[in-house]
Amino acid sequence: MSRNYLLSDSIISPLGFGTLENLKAIQNFDSALKHHNNSKFFKNGYYAGLIDIERINDEFSKHADPVKYTKLEKLLILSIKQVFDQSNSVDLNATGLIISTTKGNIDLLGTGEFSSDRIYLWKMAKIVAEFFGLKHKPIIVSNACISGALAIKTANDLIEARRFSNAIVAGGDLVSEFVLSGFQSFQAISPKPCRPFSNDREGVSLGEAAAAVLIGPDFSKDQGKIQYIDAVTANDANHISGPSRTGEGLFKSINRLFERNNIESSQIDYLSAHGTATNYNDAMEAIAFDRAGLNNTPVNSLKGYYGHTLGTSALIESIITKHSLLKDKLYASLNFTASGVSKDLNIIQDHENRELSLALKTASGFGGCNLAMLLKKERI
Amino acid sequence: MSIELSIINSVTIRDSKVYKNGQLIFKSEPDLVISKFLKGIYRDQNLKYPKFFKMDSLSKFGYLGVEILTNANIQDKETALIFANSASSLETDEAYARTMAEFPSPSLFVYTLPNIMLGEISIRHQLRSENIFLVSEAFDPALFIDYSRGLFQQEKADKVLCGWVNLHNNEYDVFLWEIARSGGIDFNEEELKKLYLPTHE
């Protein structure tokens, strides 16, 4: 069985158009989260990471007419384009496209803009696939906030099933009135930029972003490359909108992943957490990590940089994890002040250079879903 | 190295009728509103699960389909769930959007993700197993086959429940089946299409 790797990648976010710009912004402790006043659901405005439509249209007009595509389609296309531009000799007939999204073009709902079928996730995916002339029918993973990492697992499993020989995984979600009003109806939006795992955390901040990564075998002689080892999902079987108080599903996914791959918690060099900064989520994660023996493992949440980008979040975090491993660099968990969870965690408080080899990425979401994934640096 | 798998049960809910393994087990008057049709199935099956009444229609279809498919009893708690549809949660998205003008409804918003159905089924049967929700334009048997084979081959599951549960604009199409390592008809694209497509008449 051939192994699959996280190959070329791209992140399009308020922090930059391309992974390098994003990494530079994180290095400088920049945050995408700014104060905005454009939602009727927030009298005093709200903090979120929004991508300037002018910049999107400027970039997009280099490739096609921006009027013909929705905001999210443009972001996905720009992101995938960057991946293709970095990948020599990708065979379009042998490459799958897996799209990760929760709400797709939901901002079109009730607007009458574009044809009415554009609201379907499969239609959006089809338009993106057709833009690049991909032969395979696109596959959409829509599994709440674990979608981005679950799409990487899906790519790996479908390559193993020989459905295609490699796959582009692309994720995207917007900060729409639909999603803003929904999170606000749960009283889950933080009045300040979100502060994951902190004792002064007050809820989530939302962000929009697209990201893409090529998954497949790697025959290059590159010095270091990041291998997908395995991923496991587990449901909490507890509540559809609240996480389990015992962290059952998340613990189970991590525990199974370790057992299947003969890994001890002490071997994990870096843990990329979900860390949405809601009270319950962060408390649940801390309990699950404690049960899995990960108290001393350096851990961060990237939500302080990006906000919660929903279907993109676990994909962006996997891409940043890849670069952390390649650069031997731990990035600070932005906006963390003092611990606000019941179990000891080793939150990364400042950027740090450290030799890294094995990383654990986790994600959790509505519907009680949880995922744990292992990524490993292969040295030649 | 392709492993042999079997389809051991199937359920279809279509055109006001419910079929199990090809046999008609419930029929309501045609053109009944969906909520009444769903309640009719619930009563007919003699189910007692108050959470049913809080679910959105998409989740109700998934929940009812699984109860009928498994005789309301899933013994293997590692049974994985692979579900898909075409319209995601759009039916509930539209209902939620209508509340946005006045008071956005949190109880509707929570159902604006299609995988909530997997949460409902997992809670009902206490499954802490592998879950995925996929979206495709039309029923895609090969996608279910490829993804479930992966779970069996990687020994992540010994049983899988698959579901195509679609609902939009009052049109519904529900097809569920159970896969095991042996004991039924061959799990391949042709057999799956035969089970999905017949008129049953």
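Rules used throughout
Residues numbered from 1 in each chain as written. Chains lettered and ligands numbered in written order. Predicted model: local features only at pLDDT ≥ 70, side-chain atom pairs only at ≥ 80, totals over all residues. Heavy atoms only, no water. Salt bridge = Lys/Arg side-chain N within 4 Å of Asp/Glu carboxyl O. Helix = DSSP H or I, 4+ residues; strand = E, 2+ residues; numbered from the N terminus. Buried < 20%, exposed > 50% of the residue type's maximum accessible area, 1.4 Å probe, protein only. Pairing = 2+ DSSP bridges. Contact = heavy atoms within 4.5 Å. Core = buried A, V, L, I, M, F, W, Y, C linked by side-chain atoms within 4.5 Å. Buried area = accessible area lost by both parts, 1.4 Å probe. Polar contact = N/O pair within 3.5 Å; in protein donor to acceptor, adjacent residues only side chain to side chain. Nonpolar A, V, L, I, M, F, W, Y, C, P; charged D, E, K, R; others polar. 1 Å grid on protein atoms, 1.4 Å probe; cavity = no way out; pocket = protein on both sides within 12 Å on 5 of 7 lines; lining within 4 Å. Points joined across faces, edges and corners; volume = space filled by probe spheres on them.

Caption draft 1: Summary view of the pattern of salt bridges. Overall, the coordinates contain 32 salt bridges over all chains when judged by the stated rule. Residue glutamate 208 of chain A is joined to lysine 71 of chain A by a salt bridge in which the shortest nitrogen-to-oxygen separation is 2.7 Å. With glutamate 208 of chain A in the loop between β8 (206–207) and β9 (209–216) and lysine 71 of chain A in helix α3 (residues 71–86), this pair connects stretches of sequence that are 137 residues apart. Overall, glutamate 208 of chain A belongs to the buried group, its relative accessible area being 1%. Lysine 137 of chain A is paired through a salt bridge with aspartate 140 of chain B; the nearest N and O atoms lie 3.9 Å apart. Taken together, the residues lysine 137 of chain A in the loop between α4 (121–132) and β6 (139–141) and aspartate 140 of chain B in the loop between β5 (131–135) and α6 (141–153) connect one chain to another. Shared partners join several salt bridges into a network, and the residues in it are Glu21, Arg55, Glu59 and Lys62 of chain A.

Caption draft 2: Quick look at the sheet that holds β8 of chain A. Residues and elements named next belong to chain A. Strand order across the open sheet formed by three strands is β3-β4-β8, with mixed pairing between neighbours. Looking at which strands have only one partner, the edges of the open sheet turn out to be β3 (34–36) and β8. Alignment of strand β4 (residues 46–49) against β8, held across two bridges, turns out to be parallel. Residue glycine 49 lies in a different strand from β8, and its bridge partner there is glycine 207.

Caption draft 3: Spotlight on the environment of leucine 76 of chain A. Residue and element names in this part refer to chain A. Take leucine 76: it is sitting in helix α3. For leucine 76, a relative accessible area of 1% puts it in the buried group. Along the primary structure leucine 76 and valine 128 are separated by 52 residues, whereas in three dimensions their C-alpha atoms are 7.3 Å apart. For leucine 76, the residues in contact, after removing those within four places along its chain, are Ile99, Met124, Val128, Ala170, Gly171, Gly172 and Ala210.

Caption draft 4: Molecular detail of the nonpolar core. Counting 158 residues, the largest nonpolar core has Ile98 of chain A together with Phe61, Phe83 and Trp177 of chain B as the members making the most contacts within it. In this structure, Leu250, Ile263, Leu271 and Met284 of chain A belong to the second largest nonpolar core, which totals 27 residues.

Caption draft 5: Representation of the pairing of strand β3 (residues 23–27) of chain B in the model. Residues and elements named next belong to chain B. Relative to β3, strand β2 (residues 17–20) runs antiparallel, the two sharing four bridges. Across the sheet, the residue bridging to valine 18 is phenylalanine 26, located in β3. In textbook terms, the turn of a hairpin is the stretch between consecutive antiparallel strands, and for β2 and β3 this stretch comprises two residues, one of which, asparagine 21, has a positive phi near 50°.

Caption draft 6: Quick peek at the interface of chain B and chain A. The interface of chain B with chain A comprises 50 residues on the first partner and 54 residues on the second. A buried area of about 4200 Å², summed over both sides, lies between chain B and chain A, and 58% of it is on carbon and sulfur atoms. Residue arginine 163 of chain A pairs with aspartate 146 of chain B through a salt bridge whose shortest N-O separation is 3.1 Å. At the boundary of chain B with chain A, the tally comes to 29 residue pairs in polar contact (both at pLDDT 80 or more). Contributions of two or more residues to the side of chain B that touches chain A are made by α3 (90–99), α4 (106–109), α5 (116–125), β5 and α6 of chain B. A per-element tally of the side of chain B that touches chain A places α5 of chain B first, with six residues. Of the residues in the side of chain B that touches chain A, the class split is 25 nonpolar, 14 polar and eleven charged.

Caption draft 7: Spatial organisation of empty space enclosed by the protein. One pass over the full model with this rule turns up two cavities of 30 Å³ or more. The space that makes up the largest cavity amounts to roughly 70 Å³. Lining the largest cavity are Thr102, Lys103, Ile106, Ile119, Tyr120 and Leu121 of chain A together with Ser86, Ala87, Ser88, Leu90 and Asp93 of chain B. Of the residues assigned to the lining of the largest cavity, the class counts are six nonpolar, three polar and two charged. Within this model, the second largest cavity holds a volume of roughly 40 Å³.

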